[in-house]
Amino acid sequence: MKQRLFILSQYLLPHHLLSRLIGCVAECRIGWLKNRLIAWFAKQYRVDMSEAQVEDLSAYEHFNAFFTRALKEGTRPLDETPGAILCPADGAISQLGVIEHGRLFQAKGHSFSATELLGGDAERAAPFMGGQFATVYLSPKDYHRVHMPLAGTLKEMVYVPGRLFSVNQTTAENVPELFARNERVVCLFDTDRGPMAVVLVGAMIVASVETVWAGLVTPPKRELKSTRYDAESRGPIELAKGAELGRFKLGSTAIVLFGPQQVQWAEELTAGSTVRMGQLLGNAQL
């Protein structure tokens, strides 16, 4: 009954209004308010501040600065295995596997469309059919910057409007097409292993998503928007393996997609496995 009420409440809540209100609080610079909020959050979720470049909670100008905090150099070493595909973020594996019949497994009999996930364009999704996907859930205590699994050249960014359901396990098991319904930012790259997509999925009370090349991704209207980064438009943007790609202001989920016969996920990783940015997520197939 508790789970049913939780899921029902998400259908009824004004997702975007609630997220905007939380976003305003998260940007508040009033000393006593932001300090109490940050201290409460750090204690409630047992945030390990010994890893942060700035350990002093009161030194952050607002909650979002704390939430997207940088880590000390060397805290997340990058796996140096030849052909390694790196985990893009701290968190837990929600699911990983094959994109079968154009769909990605979600949880408990639920799946969602790769085409819809990438913005509804069949041509954009075609290179990933029969390929591999990995979904990483970022919990509140985690480091909330997302990094490149592999070196790549940015070709396109797509903002896809949608709802802002929670993305925790309970919601994943009960809301059909969850990751293809939520607001998201699709980042498409060319890599040595062919096309790679990294999808930053919004969630309940996620105030915003940022990328290192576009800053805050907030279109004036909640409608699908594609931005090209080829030679004819803004010019390609190249990012190294392990480089920061973007960040969540309040956390969510990152989904990585590759085409068929390009990568093989690490055998030890299954749904629920705890992961850290930079660790081995998979290997390039020979």
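Note that the coordinates shown come from a computational prediction; the quantities given were computed from them, not determined experimentally.

Reading guide: rules and limits
- Residues numbered from 1 in each chain as written.
- Predicted model: local features only at pLDDT ≥ 70, side-chain atom pairs only at ≥ 80, totals over all residues.
- Heavy atoms only, no water.
- Pairing = 2+ DSSP bridges.
- Helix = DSSP H or I, 4+ residues; strand = E, 2+ residues; numbered from the N terminus.
- UniProt positions renumbered as here; feature names shortened; annotations may be inferred.
- Contact = heavy atoms within 4.5 Å.
- Polar contact = N/O pair within 3.5 Å; in protein donor to acceptor, adjacent residues only side chain to side chain.
- Salt bridge = Lys/Arg side-chain N within 4 Å of Asp/Glu carboxyl O.
- Buried < 20%, exposed > 50% of the residue type's maximum accessible area, 1.4 Å probe, protein only.
- Axes fitted to C-alpha atoms, helices over the stretch in contact; angles between N-to-C directions.
- Phe/Tyr/Trp six-rings, centres within 6.5 Å; stacked < 30°, edge-to-face > 60°.
- Lys NZ or Arg CZ within 6 Å of the ring centre and 35° of its normal.
- pLDDT = per-residue confidence, 0-100.

Colleague: Describe the sheet that holds strand E14 (residues 244–249), listing the residues and the values that go with them.
Modeller: Spatially, 4 strands are ordered E6-E14-E10-E11 in an open sheet, and the strand pairing comes out antiparallel. Because the sheet does not close on itself, it has two edges, and the strands there are strand E6 (145–147) and strand E11 (215–216). Examined bridge by bridge, strand E10 (residues 208–211) and E14 share 4 bridges and lie antiparallel to one another. Looking at E14, one finds that Val209 is bridged to Phe248.

Colleague: Which residues make up the UniProt feature "active site" (unreviewed entry) in the chain, and what values do they have?
Modeller: Under the UniProt annotation, the feature "active site" (unreviewed entry) is placed at Asp90, His147 and Ser252. Across 163 residues in sequence, these annotated residues keep their C-alpha atoms within 14.2 Å of one another, forming a single compact spot. Along the chain, Asp90 falls in the loop between strand E1 (84–86) and strand E2 (91–98). Sequence-distant contacts of Asp90, that is, excluding residues within four places in its chain, are made with Arg76, Val136, Tyr137, Leu138, Asp142, Tyr143, Val275, Arg276 and Met277. In this structure the side chain of Asp90 is engaged in a polar contact, spanning 2.6 Å, whose partner is the side chain of Arg76.

Colleague: Residue-level account of the pattern of salt bridges, with values.
Modeller: Scanning the entire structure with this criterion turns up 10 salt bridges. Close ionic contact of Glu55 with Lys72 constitutes a salt bridge, the shortest N to O distance being 2.6 Å. Residue Glu55 is found in the loop between helix H3 (31–44) and helix H4 (63–67), and its partner Lys72 is found in the loop between H4 and E1; the two are separated by 17 residues along the sequence.

Colleague: Account for unusual backbone geometry, with residues named and values stated.
Modeller: We note that His101 has phi near 55 degrees; this positive angle belongs to a residue other than glycine. Considering the arrangement of structural elements, one finds His101 in the loop between E2 and strand E3 (103–107). Residue His101 is classed as exposed on the basis of its relative accessible area of 84%. Within the chain, Gln261 stands out as a residue other than glycine whose phi angle is a positive 60 degrees. Here Gln261 shows up in the loop between strand E15 (253–258) and strand E16 (263–265). Looking at Gln261, the relative accessible area reads 67%, which means it is exposed.

Colleague: A description of the UniProt feature "modified residue: Pyruvic acid (Ser)" (unreviewed entry) in the chain should follow, citing residues and the corresponding values.
Modeller: As recorded in UniProt, the sites labelled "modified residue: Pyruvic acid (Ser)" (unreviewed entry) are Ser252. With respect to the helices and strands, Ser252 occurs in the loop between E14 and E15. By relative accessible area, Ser252 is classed as buried at 0%.

Colleague: Requested: an account of the sheet that holds E16, with residues and values cited.
Modeller: Pairing within the open sheet is antiparallel, and its 3 strands lie in the order E1-E18-E16. Each edge of the open sheet is held by one strand with a lone partner, namely E1 and E16. Taken pair by pair, the neighbouring strands of this sheet meet at an average axis angle of 35 degrees, ignoring direction. Two strands pair when backbone bridges link them, and E1 and strand E18 (residues 280–284) are joined in this way by 3 bridges, in the antiparallel orientation. Opposite Ala84, over in E18, you have Asn283 as the bridge partner.

Colleague: Explain the packing of aromatic side chains residue by residue, including any values.
Modeller: Aromatic rings in a pair are described by how distant their centres are and how their planes are angled relative to each other. By the definition in use, this model includes 12 aromatic pairs. Their ring planes at 85 degrees and their centres at 6.3 Å tell us that Trp40 and Tyr45 sit as a pair that is edge-to-face. On the basis of relative accessibility, which here comes to 48%, the residue Trp40 falls in the partly exposed class. Among the residues examined, Tyr45 registers a relative accessible area of 32% and is labelled partly exposed. Where Phe41 meets Phe63, the ring centres are 5.1 Å apart and the plane angle is 80 degrees; that geometry is what we call edge-to-face. With a gap of 22 residues between them, Phe41 in helix H3 and Phe63 in helix H4 connect regions that are remote in the sequence. On the basis of relative accessible area, Phe41 is assigned to the buried category, the value being 7%. Taking the ring centre of Phe66 as reference, the NZ or CZ of Arg69 above it sits at 4.9 Å.

Colleague: Tell me what's going on with the confidence of the model for the chain, and back it up with residues and numbers.
Modeller: In the predicted model, the chain carries a mean pLDDT of 86, and the fraction of residues at 70 or more is 83%. Model confidence for the chain, summarised as mean pLDDT per element, is weakest for helix H1 (residues 2–12) at 54 and strongest for E1 at 97.

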